[in-house]
Amino acid sequence: MKIAIHGRNFNESARPFIESMFNELARRKIDVQLSEPFRSFLDKQGIQHFSNMVYGNPDELCNARMVVSMGGDGTLLETISHVGKRRIPVIGINVGRLGFLATVSPERISDMIEALENNQYKIDERTLVKVDSNIDLFEGRNFGLNDFTITKTDTASMITVHTYLNDEFLNSYWADGLIISTPTGSTGYSLSCGGPVLVPHSQNFIITPVSPHNLNVRPLVVEDSSVIRLEVKSRSNNFLVSMDSRSRVVDEVTELTVSKADFTARLIKMRDDSFLDTLRSKLSWGLDMRN
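Thresholds applied
Residues numbered from 1 in each chain as written. Predicted model: local features only at pLDDT ≥ 70, side-chain atom pairs only at ≥ 80, totals over all residues. Heavy atoms only, no water. Pairing = 2+ DSSP bridges. Helix = DSSP H or I, 4+ residues; strand = E, 2+ residues; numbered from the N terminus. Buried < 20%, exposed > 50% of the residue type's maximum accessible area, 1.4 Å probe, protein only. Arc of directions from axis to C-beta. Contact = heavy atoms within 4.5 Å. Core = buried A, V, L, I, M, F, W, Y, C linked by side-chain atoms within 4.5 Å. 1 Å grid on protein atoms, 1.4 Å probe; cavity = no way out; pocket = protein on both sides within 12 Å on 5 of 7 lines; lining within 4 Å. Points joined across faces, edges and corners; volume = space filled by probe spheres on them. Nonpolar A, V, L, I, M, F, W, Y, C, P; charged D, E, K, R; others polar. Phe/Tyr/Trp six-rings, centres within 6.5 Å; stacked < 30°, edge-to-face > 60°. Lys NZ or Arg CZ within 6 Å of the ring centre and 35° of its normal. Salt bridge = Lys/Arg side-chain N within 4 Å of Asp/Glu carboxyl O.

Could you clarify how one ought to interpret the sheet that holds strand β11 (residues 168–175) in this entry?
Where strands meet in a sheet, backbone hydrogen bonds hold them as pairs that are either parallel or antiparallel. The antiparallel open sheet is built from 6 strands, whose spatial order is β8-β7-β18-β15-β10-β11. The sheet is open, and its two borders are formed by β8 (143–144) and β11, each paired with just one other strand. Note: strand β7 (residues 129–133) against strand β18 (residues 256–260), 5 bridges, orientation antiparallel. Bridge pairing links Val-129 to Lys-260 in β18.

I keep staring at helix α4 (residues 109–117) and nothing clicks. Help me out?
Because an α-helix packs 3.6 residues into every turn, residues spaced three or four apart end up facing the same way. Within α4, burial applies to Ile-109, Met-112, Ile-113, Ala-115 and Leu-116. Taken around the axis of α4, the buried residues stretch over an arc of 165 degrees, which confines them to a single face. Residues of α4 that are buried in the fold lie against α1 (15–27), β4 (66–71), β5 (90–94), β6 (121–126) and β19 (265–270). Once α4 finishes, Asn-119 follows within two positions and takes phi at roughly 60 degrees, a positive value.

Quick question: what am I supposed to make of the nonpolar core here?
Grouped burial of nonpolar side chains is what soluble globular proteins tend to show. With 30 residues, the main nonpolar core has Ile-5 and Phe-22 as its most contacted residues. For this core, the secondary structure elements donating two or more residues are β1 (2–7), α1, β2 (31–35), α2 (36–45), β4, β5, α4 and β19. With 5 residues, α4 is the largest single contributor of residues to this core. Residues in contact with Phe-22, not counting those within four places in the same chain, are Ile-5, Val-32, Leu-34, Phe-38, Leu-42, Ile-47, Gln-48, His-49 and Phe-50. In this structure, Ile-180, Val-232, Phe-239 and Met-243 belong to the second largest nonpolar core, which totals 25 residues.

Can you walk me through unusual backbone geometry in this structure?
The backbone of Phe-50 sits at a positive phi, close to 55 degrees, despite the residue not being glycine. For Phe-50, the position within the fold is in the loop between α2 and β3 (53–55). Notably, Ser-284 is not glycine yet its phi reads approximately 60 degrees, a positive angle. Positionally, Ser-284 belongs in the segment after α6 (275–282). Judged by its relative accessible area of 39%, Ser-284 falls in the partly exposed class.

Which parts of the structure should I look at to understand empty space enclosed by the protein?
On inspection of all chains with the given rule, the structure shows 1 cavity of 30 Å³ or more. If you trace the largest cavity, you find it lined by Ile-80, Val-83, Gly-84, Arg-87, Ile-88, Leu-128, Phe-143, Phe-263, Thr-264, Ala-265 and Arg-266. Only α3 (73–83) and β19 provide two or more residues apiece to the lining of the largest cavity. For the lining of the largest cavity, a count of residues per class yields 7 nonpolar, 2 polar and 2 charged.

Would you take a moment to explain the packing of aromatic side chains for this structure?
Taken as a whole and assessed by the stated rule, the structure comprises 3 aromatic pairs. Centroid distance Tyr-164 to Phe-169: 5.5 Å. Interplanar angle 65 degrees. Geometry classified as edge-to-face. Among the residues examined, Tyr-164 registers a relative accessible area of 19% and is labelled buried. Directly above the ring of Tyr-164 sits Arg-229, whose terminal nitrogen or CZ lies 4.2 Å from the centroid. Above the ring of Phe-143, the side-chain terminus of Arg-246 is found at 5.9 Å from the ring centroid.

I keep staring at the pattern of salt bridges and nothing clicks. Help me out?
As a working rule, side chains carrying opposite charge can pair if their charged atoms are close by. Inspection of every chain in the model, using the stated rule, returns 20 salt bridges. The salt bridge involving Arg-27 is made with Glu-24; its shortest N-O contact spans 3.8 Å. Taken as a pair, Arg-27 and Glu-24 lie in helix α1 at a separation of 3 residues, close to a single helical turn. Look at Arg-27 and you get exposed, because its relative accessible area is 57%. Ionic pairing is found between Glu-125 and Arg-266, a salt bridge with its closest N-O pair at 3.4 Å. Placement of Glu-125 in strand β6 and of Arg-266 in strand β19 is noted, with a sequence separation of 141 residues between them. Residue classification places Glu-125 among the partly exposed residues on the basis of a relative accessible area of 33%. Three or more residues are tied together by salt bridges with common partners; here these are Glu-24, Arg-27, Arg-28, Glu-114 and Glu-117.

See the structure below:
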């Protein structure tokens, strides 16, 4: 079996579990390819990883059976952008903080390896959002698992986002920004801006304004077959676009059309992994003295 691993810095408390993981992978003779930033971090920390295979950009990712993301949800989003249309299954080990997507705890790494080697897991297909533009916004990786977001770049002036749904005018959002979220991303930035939580396989997008300047404007749930066209006006003549963990500043003549990608992300879940359990745990639902 051949796997790839992408990760970020992790706390010292996770070190014994990481060292144990690489020892077990070596013992099972599993070939490992590391992302360049993660290998550099491991080398600086003096962690033996037994791997000479490295990828510096997504095109160099090997024909792995699966990719392991080691960090928090942000690391997993980066990993999905590395995999792209190749649709290699991804599993997340949570050595970060919240962990809606990276749900395997460090203590369960050994169980995870056993399950992966024996095919005792399930594949969870997740919708991706994509953006088409008259310029290359994200170096060819114009898709994301969580959301596509427009926000202002300065601290004073709001932006105006003229929004069209399937070529029909929807609204002009006077706001600090606008989020187009997938069901997976409904527990992320959209939720913090008042958006609803959707179960992962809902066939919808959420259009969520960021700090709207009209109090009667609310998040809107639309079908994920919708095509959303955005025209942005700003006093600074520019604005910030973000796709998951990637962002850049563009000028207001940039054309933006948001829709569903024609491929999906494939997340590996352990058989006892439940979205509803994760939801209750991470959002502290049910923690009430009456219960």
